[in-house]
Amino acid sequence: MENTKFFEKPQEGQPWDVAIIGSGPSAFSAAVYSTRGAASTLILGGANWGGQLMLTTDVDNYPGFPEGIQGPELVAKMRAQAERFDAEFKAEDVVSVDFSSNPFKLKTDAGEYSANAVIIGTGAGTHWLGVPGEEKLRGRGVSSCAPCDAPFFKEKRVVVVGGGDSAMEEALVLTKYATSVTIIHRRDAFRASQAMQQKVLANKKINVIWNSEVTEFVGGDKLEKVIVKDKDGKAAELPAEGAFVAIGHVPATEIFKGQVELDEKGYVKRYEKDGYKMATSKEGVFVAGDVHDFHYRQAVTAAGFGCMAGMEALKHLDKEPPNY
Ligand SMILES: Cc1cc2nc3c(=O)[nH]c(=O)nc-3n(C[C@H](O)[C@H](O)[C@H](O)COP(=O)(O)OP(=O)(O)OC[C@H]3O[C@@H](n4cnc5c(N)ncnc54)[C@H](O)[C@@H]3O)c2cc1C
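In this text the structure is predicted, and so the values were computed from the model without any measurement.

## Focus: the nonpolar core
Note on soluble globular proteins: their nonpolar side chains tend to be buried together. Formed by 55 residues in total, the largest nonpolar core has its most connected members in Ile20, Ile43, Phe99, Leu106, Val118, Ile119 and Ile120. Those residues in contact with Ile119 that lie beyond four places of it in its chain are Val18, Ala19, Ile20, Ile21, Ala30, Phe286, Ala288, Ala309, Gly310 and Ala313. With 20 residues, the next largest nonpolar core counts Ala167, Leu174, Met196 and Phe244 among its residues.

Put into structure tokens, the structure is as follows:
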């Protein structure tokens, strides 16, 4: 396949077939599909490109890497793969979009672009506590993803911070590995569904510290303990090798307000319509990954959604109804 040109780049001032905003697994996977479908493809990946995988070390659950792979290396390989098929990558932050007419317009901190189809893959970030020690110990005991990191805490003591469904899920996953799981919640009742609460409260490995907040993560190279303060301001030390912050995620959707419909938490609303599965409220604008999916939040699911969005963008350009 050497010297194959996958598409002609648009002339100056002409629209790209597809513009992809983002630079995580959803964006690069979408680009692999759109470029190989011969659509000229521009990826606007942000100045701090690479997404959430840049924040982690061992990724043991992405298929194809039996020995595991480091997060930044995995995402660098994804970018290289998209560029192999001629995707044009720019490490520029998109500062505004105008989806009111086609071609759609995208403004970055460095220039202006237009495209006949857009894929939103801007991801989401963990809502961290912002307490001392948290940033330093991230990836050294402090995490936000139990399905990703739970096996690293085999026979260790862990805490989970939060009281919603995600905190319950994190705690339950962790019981499969950890010796003890302590949920620290700032209120006297969980927000999670009754079913999830019942499962958690019935699990003998889990105990709950109510009406308390984590005020500091303490450790040198690795997390050693968590400082917890109750509502009367009384502090206690809790020895722990792992701490999972599960107080929510923040989707990166500020620039899409008023352009596509968002849900009450700010995630892009995904529509299934006219045969499309990754559509948004705006025809020709598709969505993929953690920016709409607050449930699975995995690299492999983001890549899967990216594949679907890439294929659907091609159908849109061909003006053919999808037939999957
Ligand atoms: C600490 C940690 C460990 C994890 N470990 C694993 C694991 O082991 N296995 C696993 O499967 N998953 C893991 N995950 C989850 C996984 O990383 C995410 O599910 C996945 O990266 C989501 O991909 P995405 O493409 O939707 O978005 P993201 O990875 O969030 O990437 C979005 C990108 O879009 C860019 N962007 C945002 N706004 C703009 C803009 N305006 N202009 C340009 N670019 C923009 C951002 O800078 C970012 O680079 C982990 C997550 C974290 C935080």
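## Looking at the site of the ligand
The environment of the ligand is formed by 33 residues, the closest being Ser26, Gly51, Asn61, Asp290 and Ala299. In this structure, Ser23 approaches the ligand through a side-chain N or O atom, which is 2.8 Å from an oxygen atom. In the environment of the ligand, an oxygen atom lies 3.2 Å from a nitrogen or oxygen atom belonging to the backbone of Arg297. Contact with the protein chains hides 91% of the accessible area of the ligand, taken as 990 Å² for the molecule alone. For the shell around the ligand, the secondary structure elements donating two or more residues are α1 (25-36) and α7 (299-318). Here the shell around the ligand is built from residues that sort into 11 nonpolar, 18 polar and four charged.

## Let's talk about the environment of Thr35
With respect to the secondary-structure elements, Thr35 resides in helix α1. For Thr35, a relative accessible area of 0% puts it in the buried group. Sequence separation between Thr35 and Thr4 is 31 residues; the distance between their C-alpha atoms is 12 Å. Within polar-contact distance, the side chain of Thr35 engages the backbone oxygen of Val32 at 3.2 Å.

## Concerning the domain arrangement of the protein
One can read the domain layout of the protein as domain 1 (16-125 + 249-318) and domain 2 (128-245). If you average the C-alpha positions of domain 1 and of domain 2, the two centres end up 31 Å apart. Taken together, the contacts link six residues of domain 1 with six residues of domain 2. Between domain 1 and domain 2, roughly 560 Å² of surface is buried when both sides are summed, and carbon and sulfur atoms account for 41% of that area. If you look at where domain 1 meets domain 2, you find zero salt bridges. Here the side of domain 1 that touches domain 2 is composed, by residue class, of no nonpolar, three polar and three charged.

So, how was this worked out
Within each chain, residue numbers correspond to sequence positions counted from 1 in written order. Reporting in this predicted model follows two pLDDT cut-offs: at least 70 for local features of residues, and 80 or more for side-chain atom pairs to be given and counted; totals over whole chains, interfaces and linings ignore these cut-offs and use all residues. Water and hydrogen atoms were dropped before computing side-chain values, which therefore reflect all heavy atoms in the structure. Residues belong to a common nonpolar core when they are buried Ala, Val, Leu, Ile, Met, Phe, Trp, Tyr or Cys residues joined through side-chain atoms within 4.5 Å. Under the scheme applied here, a residue whose accessible area is under 20% of the maximum for its type counts as buried, over 50% as exposed, and between as partly exposed, the area being computed with a 1.4 Å probe on protein chains only. Whether two residues are in contact is decided by their heavy atoms, any of which lying within 4.5 Å being enough. The cutoff for a nearby residue is simple: one of its non-hydrogen atoms must lie within 4 Å of the molecule or strand. A 3.5 Å cut-off defines polar contacts: any pair of N or O atoms within that distance qualifies, except that in protein one atom must be a possible hydrogen donor and the other a possible acceptor, and neighbouring residues in sequence count only when both atoms are side-chain atoms. Computed with a 1.4 Å probe, the accessible areas rest on the Shrake-Rupley method; for each residue, only the protein chains presented here act as cover. Under the scheme used here, helices are H or I runs from DSSP no shorter than 4 residues and strands are E runs no shorter than 2 residues, and both carry numbers assigned from the N terminus. Here the nonpolar group is Ala, Val, Leu, Ile, Met, Phe, Trp, Tyr, Cys and Pro; Asp, Glu, Lys and Arg are the charged ones; every other residue, Gly included, is treated as polar. Where each domain begins and ends follows an automated or database-derived domain assignment. By convention, the term buried area covers the 1.4 Å-probe accessible surface removed from two parts as they join, with the contributions of both added. The salt bridge criterion pairs a side-chain nitrogen of Lys or Arg with a carboxyl oxygen of Asp or Glu, the two atoms within 4 Å.

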